[in-house]
Amino acid sequence: MGAPGSFLNDIKEIRQRARRHLSDGAITKNYGGKVEDAITLLNHAVATEIVCVLRYKFHAVCATGLASEAVKEEFAQHAKEEGEHLDMLAERINQLGGKPNLNPDGLGQRAASEYVEGANLIEMIKEDLIAERIAIETYREMVRYFGDKDSTTRVLLERILAQEEEHANDMHDLLVTHEGRPMLEK
Ligand SMILES: [Fe+2]
Ligand SMILES: [Fe+2]
């Protein structure tokens, strides 16, 4: 947009463009990034969330031991929230005119986080904390990438990032509780 005086002319053009490019849906000329790149990045996040849903679900079902009931509930709650992240990302990809990649083939390669079963409760909690830390770092990078190029996607990613930070904190608390000592090592 130019000087304030040219605003009416801009509006004319904006109206014409809005009518001409209906097939672009929500994507307008001033979309700041490359839509294809945005969709690719978001599909990596989709894969990460699917892997996180699956790993937390496995942990929620398979955690054993006297101390595990409350932890199982926490795992199940996280699985549900990772599923919500997945839905939000898939919706955004659709709004951007792309297709969410939900194909199980190659899922593990597309995801940043890993699917690790863990041999016992402590191992499970550790694996989840590791996965959350991976998610946090990748979402933070993505937030920076989108910046003001695509503020809707950035805000969405910021919301998810905040919840991943809560998840990491939950897992850290559980680890401290169940290992019985503070986690000081790097
Ligand atoms: Fe998530
Ligand atoms: Fe998470």
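Summary of the structure given here. Starting afresh in each chain, residues are numbered from 1 along the sequence in its written order. Here every chain gets a letter starting at A, and every ligand a number starting at 1, in the order they are written. Reporting of local features is limited, given that this is a predicted model, to residues whose pLDDT is at least 70; pairs of side-chain atoms are given and counted only at 80 or more, and all residues count toward the totals for whole chains, interfaces and linings. Hydrogens and water molecules were not included; the side-chain quantities draw on all heavy atoms of the structure.

### A short note on the coordination of the iron ion (ligand 2)
Here is step 1 of the chain: Looking at the iron ion (ligand 2), one finds its protein donor set to be Glu-82 (OE), Glu-132 (OE), Glu-132 (OE), Glu-164 (OE) and His-167 (ND1), positioned 2.0 to 2.3 Å from the metal centre.
Here is step 2 of the chain: Mapping the donors of the iron ion (ligand 2) onto the primary sequence gives the spacing E-x49-E-x31-E-x2-H.
Here is step 3 of the chain: Donor atoms (N, O, S) are those found within 2.8 Å of the metal centre, with the cutoff raised to 3.2 Å for Na, K and Ca; water is not part of the atom list, so apparent gaps in a site can occur. The metal-metal distance between the iron ion (ligand 2) and the iron ion (ligand 1) is 3.9 Å, with Glu-82 serving as a donor to both. In this pair, Glu-132 is assigned in helix α5 (residues 121-146) and Glu-164 in helix α6 (residues 151-179), connecting sequence segments 32 residues apart.
Here is step 4 of the chain: For Glu-132, a relative accessible area of 1% translates into the label buried.
Here is step 5 of the chain: Look at Glu-164 and you get buried, because its relative accessible area is 1%. Working definition: helices are DSSP H or I runs of at least four residues, strands are E runs of at least two. Numbering for both runs from the N terminus. Only protein chains enter the accessibility calculation, which uses a 1.4 Å probe; a residue whose area is less than 20% of its type maximum is buried, one above 50% is exposed, and one in between is partly exposed.

### Concerning the coordination of the iron ion (ligand 1)
Here is step 1 of the chain: Bound to the iron ion (ligand 1) are the protein donor atoms Glu-49 (OE), Glu-49 (OE), Glu-82 (OE), His-85 (ND1) and Glu-164 (OE), situated 1.9 to 2.3 Å from the metal.
Here is step 2 of the chain: All donors of the iron ion (ligand 1) come from a single chain, and their spacing in sequence reads E-x32-E-x2-H-x78-E.
Here is step 3 of the chain: A relative accessible area of 0% means that His-85 is categorised as buried.

### Regarding the nonpolar core
Here is step 1 of the chain: Only buried residues count toward a nonpolar core. Its members are Ala, Val, Leu, Ile, Met, Phe, Trp, Tyr and Cys residues joined through side-chain atoms within 4.5 Å. Within the largest apolar cluster, 42 residues are counted, with the highest numbers of intra-cluster contacts made by Leu-42, Phe-75, Leu-89, Leu-96, Ile-125, Tyr-139 and Leu-157.
Here is step 2 of the chain: Looking at this core, the elements that each hand over two or more residues are α2 (35-62), α3 (68-95), α5 and α6.
Here is step 3 of the chain: Between two residues, a contact is recorded if the distance between any of their heavy atoms is within 4.5 Å. The residues touching Tyr-139, leaving out its near neighbours within four places in the chain, are Ala-45, Glu-49, Leu-89, Leu-157, Ile-160, Leu-161 and Glu-164.

### Section: the packing of aromatic side chains
Here is step 1 of the chain: Planes of paired rings set the category: under 30 degrees apart is stacked, over 60 is edge-to-face and the rest tilted, where pairs are Phe, Tyr or Trp rings (Trp by its six-membered ring) whose centres lie within 6.5 Å. Under the counting rule described, the total for this entry stands at three aromatic pairs.
Here is step 2 of the chain: Relative to Phe-75, the ring of Tyr-56 lies with its centre 6.2 Å away and its plane at 40°, an arrangement referred to as tilted. Taken together, the residues span a long stretch of sequence, with Tyr-56 in helix α2 and Phe-75 in helix α3 at a distance of 19 residues.
Here is step 3 of the chain: Relative accessible area serves as the criterion here: at 0%, Phe-75 is assigned to the buried category.
Here is step 4 of the chain: Taking 5.1 Å as the distance between ring centres and 85° as the angle between the ring planes, the aromatic pair formed by Tyr-145 and Phe-146 counts as edge-to-face.
Here is step 5 of the chain: For Tyr-145, a relative accessible area of 29% translates into the label partly exposed.
Here is step 6 of the chain: Overall, the relative accessible area of 2% leaves Phe-146 in the buried class.
Here is step 7 of the chain: The ring of Tyr-56 has Arg-55 lying over it, and the distance from NZ or CZ to the ring centre is 5.0 Å. Placement of a positive charge over a ring is assigned whenever Lys NZ or Arg CZ falls within 6 Å of the ring centre and within 35 degrees of the normal to the ring plane.

### Quick look at the environment of Arg-55
Here is step 1 of the chain: Among the secondary structure elements, Arg-55 is positioned in helix α2.
Here is step 2 of the chain: In sequence terms Arg-55 and Leu-42 are 13 residues apart; their C-alpha atoms lie 20 Å from each other.
Here is step 3 of the chain: With residues near it in sequence (within four places) discarded, Arg-55 still touches Ser-113, Glu-114, Tyr-115, Val-116, Glu-127, Asp-128 and Ala-131.

### Comments concerning the layout of surface pockets
Here is step 1 of the chain: Of the two site types, the cavity is a set of points on a 1 Å grid over the protein atoms alone where a 1.4 Å probe fits but cannot get out, and the pocket is an open set with protein on both sides within 12 Å along at least five of seven lines, each lined by residues with an atom within 4 Å of a point. Grid points are joined across faces, edges and corners, and a volume is the space filled by probe spheres set on the points. Taken as a whole, the largest pocket holds about 440 Å³ of empty space.
Here is step 2 of the chain: Along its surface, the largest pocket is lined by 14 residues, and Ile-14, Arg-17, Thr-28, Lys-29 and Asn-30 are the ones closest to its centre.
Here is step 3 of the chain: Approximately 190 Å³ is the volume attributed to the second largest pocket.
Here is step 4 of the chain: In terms of lining residues, the second largest pocket is bounded by Lys-126, Leu-129, Ile-130, Arg-133, Ala-168, His-172 and Leu-175.
Here is step 5 of the chain: Top element by residues in the lining of the second largest pocket is α5. It accounts for four residues.

### What about the packing of α2 against α5?
Here is step 1 of the chain: Axis definition: a line fitted to C-alpha atoms, limited for helices to the stretch in contact. Angles are taken between N-to-C directions and run from 0 to 180 degrees. Interhelical geometry of α2 versus α5 gives an angle of 165° and a closest axis separation of 11 Å. For the element pair α2 / α5, the angle class is roughly antiparallel. Note on packing geometry: the crossing formed by α2 with α5 is left-handed. When α2 is examined against α5, the residues Asp-37, Ala-38, Leu-41, Leu-42, Ala-45, Glu-49, Arg-55, Tyr-56, Phe-58, His-59 and Cys-62 are found in contact with a partner set consisting of Met-124, Glu-127, Asp-128, Ala-131, Glu-132, Tyr-139, Met-142, Tyr-145 and Phe-146. Relative orientations are named as follows: roughly parallel for angles under 35 degrees, roughly antiparallel for angles over 145 degrees, roughly perpendicular for angles from 65 to 115 degrees, and oblique for any other angle. Left-handed describes a crossing whose near helix is turned anticlockwise from the far helix through less than a right angle; right-handed describes the clockwise counterpart.

### A word on the packing of α2 against α3
Here is step 1 of the chain: Running from amino to carboxyl end, α2 crosses α3 at an angle of 160°, the nearest separation of the two axes being 8 Å. In terms of their interaxial angle, α2 and α3 are classed as roughly antiparallel. Crossing angle aside, the handedness with which α2 passes α3 is left-handed.
Here is step 2 of the chain: Each residue is assigned to one class: nonpolar for Ala, Val, Leu, Ile, Met, Phe, Trp, Tyr, Cys and Pro, charged for Asp, Glu, Lys and Arg, and polar for all the others, Gly among them. Considering only residue class, the contact of α2 with α3 consists of 17 nonpolar, five polar and five charged.

By themselves, these figures tell us nothing about what the structure is for.
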